[in-house]
Amino acid sequence: MDMRDTTPLLSPAAAERWRERLLSAQAFMRTRRHLPGVLIEVAAQHPLAEGGTPGEEFAARLRRGHELFQGYLKAGRPVEVYVPGSRHRHLGVEDESSLSRAGGDFLEKLGVPSSAVHGDDLNARYKGDAGVYGSADECFVAASYFRDGGFGTLVSVCSPAQMMRKTLHYLQFGVYPLNHTAPTPEGHHDFLHELLVAVPDVLDTDDTLQTSDSEGAELLRAVRRPPAG
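Residues numbered from 1 in each chain as written. Predicted model: local features only at pLDDT ≥ 70, side-chain atom pairs only at ≥ 80, totals over all residues. Heavy atoms only, no water.

## Topic: helix 2 (residues 56–74)
Helix length check: helix 2 (19 residues) gives 27 Å between terminal C-alpha atoms against 27 Å at 1.5 Å per residue, within 8%. Residues of helix 2 that are buried: Glu57, Phe58, Ala59, Ala60, Arg61, Leu62, Gly65, His66, Leu68, Phe69 and Tyr72. In the core, the buried residues of helix 2 are packed alongside strand 1 (38–42), strand 2 (79–82), helix 3 (99–110), strand 6 (153–158) and strand 7 (178–181). Trailing helix 2 by a residue or two, Gly76 shows a phi angle of about 85 degrees, which is positive. (Helix = DSSP H or I, 4+ residues; strand = E, 2+ residues; numbered from the N terminus. Expected span 1.5 Å × (residues − 1). Buried < 20%, exposed > 50% of the residue type's maximum accessible area, 1.4 Å probe, protein only. Contact = heavy atoms within 4.5 Å.)

## Looking at the environment of Pro78
The topology assignment puts Pro78 in the loop between helix 2 and strand 2. For Pro78, a relative accessible area of 44% puts it in the partly exposed group. Sequence-wise, Pro78 and Phe146 are 68 residues apart; in three dimensions their C-alpha atoms are separated by 13 Å.

## Re the environment of Ser135
When you line up the elements, Ser135 lands in helix 5 (residues 135–149). It is 9.2 Å that separates the C-alpha atoms of Ser135 and Leu209, two residues lying 74 residues apart in sequence. Discounting chain neighbours no more than four positions away, the residues touching Ser135 are Gln162, Arg165, Lys166 and His169. In this structure the side chain of Ser135 is engaged in a polar contact, spanning 3.4 Å, whose partner is the side chain of Arg165. (Polar contact = N/O pair within 3.5 Å; in protein donor to acceptor, adjacent residues only side chain to side chain.)

## Regarding a nonpolar patch on the surface
A contiguous nonpolar surface patch, about 420 Å² in accessible area, is contributed by Leu192, Leu195, Leu196 and Val197. Looking at the element boundaries, Leu192 is found in helix 7 (residues 191–204). Judged by its relative accessible area of 57%, Leu192 falls in the exposed class. (Patch = residues over 30% accessible without salt bridge, like charges linked within 9 Å, V, L, I, M, F, W, Y side chains within 5 Å. Areas by Shrake-Rupley, 256 points an atom, 1.4 Å probe, with all protein chains shown as cover. Salt bridge = Lys/Arg side-chain N within 4 Å of Asp/Glu carboxyl O.)

## Details of the packing of helix 4 (residues 120–127) against helix 5
In contact at an axis separation of 10 Å, helix 4 and helix 5 are set at 90 degrees when each is read in the N-to-C sense. Relative to helix 5, helix 4 is oriented roughly perpendicular. Residues Leu122, Arg125, Tyr126 and Lys127 of helix 4 pack against Asp137, Phe140, Val141, Ser144, Tyr145 and Asp148 of helix 5. (Axes fitted to C-alpha atoms, helices over the stretch in contact; angles between N-to-C directions. Parallel < 35°, antiparallel > 145°, perpendicular 65-115°, else oblique.)

## Description of the packing of helix 1 (residues 12–30) against helix 6 (residues 163–172)
Closest axis-to-axis distance for the helix 1/helix 6 pair is 8 Å, and the angle between their directions is 75 degrees. Here helix 1 is positioned roughly perpendicular relative to helix 6, judged by the angle of their axes. Two secondary-structure elements touch here, helix 1 through Trp18, Arg21, Leu22 and Ala25 and helix 6 through Leu168, Leu171 and Gln172. By residue class, the composition of the contact of helix 1 with helix 6 is 5 nonpolar, 1 polar and 1 charged. (Nonpolar A, V, L, I, M, F, W, Y, C, P; charged D, E, K, R; others polar.)

## Here we look at the pattern of salt bridges
For the coordinates displayed, the defined rule picks out 11 salt bridges. The partner of Glu108 in a salt bridge is Arg101, and the shortest N-O contact between them spans 3.2 Å. According to the relative accessible area criterion, Arg101 is partly exposed, its value standing at 34%. Residues joined in a network through salt bridges with shared partners are Glu41, Glu138 and Lys166.

## Topic: the sheet that holds strand 1
Working definition: the strands of a sheet are paired by backbone hydrogen bonds and lie parallel or antiparallel to each other. Strand order across the open sheet formed by 5 strands is 5-2-1-6-7, with parallel pairing between neighbours. Unpaired on one side and paired on the other, strand 5 (117–118) and strand 7 mark the two borders of the sheet. Where strand 1 lies against strand 6, 5 bridges are found, and the strand directions are parallel. Bridging across to strand 6, Val42 finds its partner in Val157. (Pairing = 2+ DSSP bridges.)

## As for the nonpolar core
Formed by 23 residues in total, the largest nonpolar core has its most connected members in Ile40, Phe58, Leu62, Phe69, Val81, Leu107 and Val155. Within the residue set of this core, elements represented by two or more residues are strand 1, helix 2, strand 2, helix 3 and strand 6. In this structure, Ile40 is in contact with Gly65, Leu68, Phe69, Tyr72, Val79, Glu80, Val81, Tyr82, Val155 and Val157, ignoring residues within four places of it in sequence. Counting 18 residues, the second-largest nonpolar core is a separate cluster that includes Met29, Leu122, Tyr145 and Phe151. (Core = buried A, V, L, I, M, F, W, Y, C linked by side-chain atoms within 4.5 Å.)

Here is the structure:
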C-alpha cells in the first residue's frame, strides 16, 4: 500500500477529489516551468502594530520575502511581490491603512522597487469591494495574477502553522506553490487549531471561501472588515 494515499480524515470520494486537484495543479505548473517570471506572495498578518507598521510575525515574513526576491533577482529572474490584505479591524480597533499598504511600504524600505510590489491594486482587481480578508482570498488573488501575469514560479511565504491550509486553497485554485515559512516565537496561527479545525474545514466543508453563500467568508468579513462609512 502507498502510504501517501491513506486519508483517514476524508471519505474515499473526497480524498480522490483532492488527489485530482493536486495532480491537476502540478500538471499546470509543469506547463509554466519554462517561463522566467516569479511571483512571491507574502501572507499578511493582522493587526498592524503601533503606527500602522507590520507586527513581528508580518515583518518576519516580509524580510523572508525580501531575501527570496533578492535571490531570484541575482539568478536573473524577473520577480514581483504581492502583499495581500485589505484594511482590517481587530477587537474593535481599525487599522488606518490596508495590510497591503503597510507591507508594501516595509518592502520598499528594504529596497524592493515600488514597481515590483503589488497589493491594493490586485486586491481591487480580483476581489473588488469584497476585499481580501483571509488566507483563501490571498490565495485566490495570487493564483489569479499568477495565471494572468504569465509567471513560471509561484512562491508563498507564510507562518509554519498555516502552510498546509494555504496550500489546500492554492490547489483548489489550480496552482502549486513553493512554500517558505518565517517562524516567530509566538505565532498568531495555532498548530492545533489548524490541524483539528481549520484544515478539516477546508478539506470537507468550504475549500475556497469565495462563493456568495460561503458562511466562512461571511464570518471573516463580519469580524475583520471595518464597517462602511
